[in-house]
Amino acid sequence: MSYEYKLVLDDNSTARHVIDVIESSSACVYAEDGDLYLKDYSLNSSGAYDARLIYGDDESLWLQVNFQSAELYTLFKTALKGRNFRCLEDGGENEEVGLNEAFRV
C-alpha cells in the first residue's frame with residue numbers, strides 16, 4: 001500500500017533544486033517525464049521502487065511512499081534543508097504532516 005503527499009513549496013526554485021538533488025543520488029533508479037523512481041537498497045524490497053517523486057508544478061511536488069525508509073527520508077531532508085515547504089497527506093490543506101511521518105520514521 002502506498003501513501004501520497006503533496007509537497008507545497010514556498011518558491012519556484014525549490015522544486016527544481018529538490019529534483020536535481022534527488023535525481024543525482026544513488027537512490028534514483030529511473031527517471032521519466034518528470035517522475036523519479038527511488039529505491040532504498042537497505043530494505044531489500046521486491047518492488048521496482050520504494051518511493052516516487054512526481055513533478056506537480058514549480059511550487060509543488062507529489063511524493064508516493066511505498067515503504068518505510070529512513071534512508072529516503074534523510075535524502076529528502078537534505079534536499080529540502082533550509083527551504084520552506086509543507087507536506088500535505090493526500091494533498092489535503094488540513095492534513096499537514098511532518099516529512100518524517102511521510103516516510104514513517
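Bear in mind that the values here come from a model prediction, so they are computed numbers and not experimental data.

Comments concerning a nonpolar patch on the surface
On the surface, a nonpolar cluster with roughly 300 Å² of combined accessible area is contributed by V29, Y30 and Y41. Look at Y30 and you get partly exposed, because its relative accessible area is 41%.

Quick notes on the side chain of S60
One can find S60 in strand β5 (residues 60–65). On the basis of relative accessible area, S60 is assigned to the buried category, the value being 6%. When residues no more than four places from it in sequence are discounted, the contact partners of S60 are K6, L7, L9 and Y55.

Topic: the pattern of salt bridges
Across all of its chains, the model carries five salt bridges by this definition. R16 is paired through a salt bridge with D20; the nearest N and O atoms lie 3.0 Å apart. Here the residue R16 and the residue D20 both occupy positions in helix α1 (residues 12–23), the gap between them amounting to four residues, near one helical turn. Given the relative accessible area of 45%, R16 is considered partly exposed.

Calculation rules
- Residue positions are given per chain, counting from 1 as you read along its sequence in written order.
- The predicted nature of this model means local features are confined to residues of pLDDT at least 70 and side-chain atom pairs, given and counted, to a pLDDT of 80 or more, with totals for whole chains, interfaces and linings taken over all residues.
- Water and hydrogen atoms were dropped before computing side-chain values, which therefore reflect all heavy atoms in the structure.
- Residues enter a patch when their relative accessible area is above 30% and they make no salt bridge; the linking distance is 9 Å between like charges and 5 Å between nonpolar side chains (Val, Leu, Ile, Met, Phe, Trp, Tyr).
- Where accessible areas are quoted, they stem from the Shrake-Rupley method and a 1.4 Å probe; at the residue level, only the protein chains shown are allowed to cover.
- Salt bridge, as used here: a side-chain nitrogen of Lys or Arg that lies within 4 Å of a carboxyl oxygen of Asp or Glu.
- Remark: exposure states derive from per-residue accessible area (1.4 Å probe, protein chains only) relative to the maximum for the residue type, with buried under 20%, exposed over 50%, and partly exposed in between.
- Secondary structure is summarised from DSSP: a helix means a run of H or I of at least four residues, a strand means a run of E of at least two, and numbering begins at the N terminus for each.
- We call two residues in contact whenever any of their non-hydrogen atoms come within 4.5 Å of each other.

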